[in-house]
Amino acid sequence: TGRILTPARPAFSVKRNGNQGISNNSAEKIEWNEERFDIGGNFDHTTNYYFTAPITGIYQLQYNLRLENLDTAGAYVQVHIKKNNNLTLDTYTIDLNEEFTSDVDYHMATHASIYQLTANDTVYVEYSQSGGATQTQVQSESIFSGYLIG
């Protein structure tokens, strides 16, 4: 009939349950501690806060971070999608001094892309801030999601 049925295709959507404070001059994994859904049970939302690819394939991954209280005394903020605890797949950079003239109540950092992952690769979102005060928070409206394209 031409229909494609893939009800068990790996997919997840996770969010923050409460705000997460972020330190300056460090890189911190975003702790996605609440699942919206997790088809296949491949997202660890209690300990490591990452997705493990169950099979080799092409995956779409995206995040939407609401960052609160950005300190413009810092130089920049970066959000990374990382693989296997070290490889950076993508980086979203906010140049605090170029984009803003005073501290920012909130800023949305959004990114989506496709990646080739091998079975058992892990991917997660990491935040880093260069300088400034330790005041930025990842707000509870933030989400991270992904799914197997094929």
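Scroll up to find the structure this text is about.
In this report, the structure presented in the accompanying data block is examined. All of these numbers come straight from a predicted model, not from anything done at the bench.

Focus on unusual backbone geometry
Here is step 1: Positive phi, close to 55°, is recorded for N84, a residue that is not glycine.
Here is step 2: Topologically, N84 is positioned in the loop between strand 7 (76–83) and strand 8 (87–95).
Here is step 3: For N120, which is not glycine, the phi torsion reads 80° and is therefore positive.
Here is step 4: Here N120 is to be found in the loop between strand 9 (104–117) and strand 10 (122–130).

Considering a nonpolar patch on the surface
Here is step 1: On the surface, I58, I114, Y147 and I149 cluster together into a nonpolar patch covering about 330 Å² of accessible area.
Here is step 2: Along the polypeptide, Y147 turns up in strand 12 (residues 143–148).

Section: the environment of H107
Here is step 1: Inspection of the secondary structure puts H107 in strand 9.
Here is step 2: For the pair H107 and R66, spaced 41 residues apart in sequence, the C-alpha to C-alpha distance is 5.8 Å.
Here is step 3: Leave out the neighbours within four places in its chain, and H107 touches L65, R66, L67, L70, Y92, I94, E99 and F100.
Here is step 4: There is a polar contact of 3.3 Å between the side chain of H107 and the side chain of Y92.

Observations concerning the nonpolar core
Here is step 1: Counting 30 residues, the largest nonpolar core has W32, Y63, L65, L67, Y127 and F144 as the members making the most contacts within it.
Here is step 2: Within the residue set of this core, elements represented by two or more residues are strand 1 (11–15), strand 6 (57–70), strand 7, strand 9, strand 10 and strand 12.
Here is step 3: Contacts of F144, omitting those with residues within four sequence positions, involve F12, S13, V14, W32, F43, L61, Q62, Y63, V123, Y124 and V125.

Scoring rules and cut-offs
Residues numbered from 1 in each chain as written. Predicted model: local features only at pLDDT ≥ 70, side-chain atom pairs only at ≥ 80, totals over all residues. Heavy atoms only, no water. Helix = DSSP H or I, 4+ residues; strand = E, 2+ residues; numbered from the N terminus. Patch = residues over 30% accessible without salt bridge, like charges linked within 9 Å, V, L, I, M, F, W, Y side chains within 5 Å. Areas by Shrake-Rupley, 256 points an atom, 1.4 Å probe, with all protein chains shown as cover. Salt bridge = Lys/Arg side-chain N within 4 Å of Asp/Glu carboxyl O. Contact = heavy atoms within 4.5 Å. Polar contact = N/O pair within 3.5 Å; in protein donor to acceptor, adjacent residues only side chain to side chain. Core = buried A, V, L, I, M, F, W, Y, C linked by side-chain atoms within 4.5 Å. Buried < 20%, exposed > 50% of the residue type's maximum accessible area, 1.4 Å probe, protein only.

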